[in-house]
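Residue-level structure breakdown
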Amino acid sequence: MSAYYPIYLQIHDQPCVVIGGGKIAEGKAQGLLAAGARVTVISPDLTPHLRELARRSEIRHIARRYQPGDLAGAFIVICATDQIETNHQVWQEASAQGQLVNVVDDPPRCNFIAPAILRKGDLTISISTGGKAPALAVRLKERLQREIGPEYERFLELVGQLREPLSQHVPDFERRKAIWYELVDSEALDLLAQGDEPAALEAISQVLGFRFEPA
């Protein structure tokens, strides 16, 4: 199999379908919800958490088994059942319609795979082993979870406010590019990790060459 092409998809308000109602389906549904998707779960039974999400109308629940035609209009389809025939039918329908489809633990019936994902605010790190050892991806995610603290989230919140003022103060693209690297390599992250945001802001201002006062 050729290598996968890694991308990040904008699925806010996009319709997505999850077939299955067990723990794996729950995890897949939660991942889609975290990205802002409109999620439909098709299964006669649900985990307690999925039932609660359905009760709160955070997901739409169709309380029966998959039927042909259920995937119409879906942007992403994830099938998480232990029923071989259902998995095959979902793959056939979705692939025939050019949809993104993942049949869990069945790489030949996937045109995309879901990586292990670490989120820290706007920082998103995805780890994939090409479907060969998902457990390794999970362990690497856990290691990064320990190493990457909340200071990264706050750093992104701060510097996210810099693009417009930096463009105004530094019109030259190459100089702006160099400044971004200087910001990342500065003491700001370490100071945020120590809980000293005023000092971090001072470090950022020194790199910029002008006073930075975030909103």
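Residues numbered from 1 in each chain as written. Predicted model: local features only at pLDDT ≥ 70, side-chain atom pairs only at ≥ 80, totals over all residues. Heavy atoms only, no water.

Describing the overall build of the chain
The number of helices and strands found in the chain is nine helices and seven strands. Relative to the compact-globule value of 17 Å for 215 residues, the chain shows a C-alpha radius of gyration of 22 Å, a clear excess of over 25%. Viewed in the frame of its principal axes, the chain has a C-alpha envelope of about 65 × 40 × 35 Å. Out of the 215 residues belonging to the chain, those deemed buried represent 36%. Long-range contacts, defined as pairs at least 24 residues apart, comprise 48% of the intrachain contacts of the chain with a sequence gap of at least 6. Only carbon and sulfur atoms are counted for the fraction: they give 52% of the accessible area of the chain, which is about 12900 Å². The positive charge centre, built from 23 side chains, and the negative charge centre, built from 28, are 7 Å apart in the chain. (Helix = DSSP H or I, 4+ residues; strand = E, 2+ residues; numbered from the N terminus. Rg over C-alpha atoms; globule rule 2.2 N^0.38 Å. Buried < 20%, exposed > 50% of the residue type's maximum accessible area, 1.4 Å probe, protein only. Contact = heavy atoms within 4.5 Å. Areas by Shrake-Rupley, 256 points an atom, 1.4 Å probe, with all protein chains shown as cover. Lys, Arg positive; Asp, Glu negative; His and termini not counted. Charge placed at Lys NZ, Arg CZ, Asp CG, Glu CD.)

Observations regarding the packing of helix H7 (residues 173-185) against helix H9 (residues 197-208)
When two helices pack together, their arrangement is given by the angle between the helix axes and by the axis-to-axis distance. Contact geometry for H7 and H9: axes closest at 9 Å, N-to-C directions at 155°. Comparing their axes, H9 and H7 come out roughly antiparallel. For H7 against H9, the interelement crossing comes out right-handed. Across from Ile179, Glu182 and Leu183 in H7, the residues of H9 making contact are Ile204, Val207 and Leu208. Residues of the contact of H7 with H9, tallied by class, amount to five nonpolar, no polar and one charged. (Axes fitted to C-alpha atoms, helices over the stretch in contact; angles between N-to-C directions. Parallel < 35°, antiparallel > 145°, perpendicular 65-115°, else oblique. Left-handed = near helix turned anticlockwise from the far one by under 90°. Nonpolar A, V, L, I, M, F, W, Y, C, P; charged D, E, K, R; others polar.)

Some points on the sheet that holds strand S1 (residues 15-19)
Taken together, five strands build an open sheet; the order of strands is S3-S2-S1-S4-S5 and the sheet is parallel. Whereas interior strands pair on both sides, the edge strands pair on one side only; in this sheet they are strand S3 (60-62) and strand S5 (100-103). Strand-to-strand twist in this sheet, taken as the mean axis angle between neighbours without regard to direction, amounts to 15°. Pairing of S1 with strand S4 (residues 76-79) involves four bridges; the strand directions are parallel. (Pairing = 2+ DSSP bridges.)

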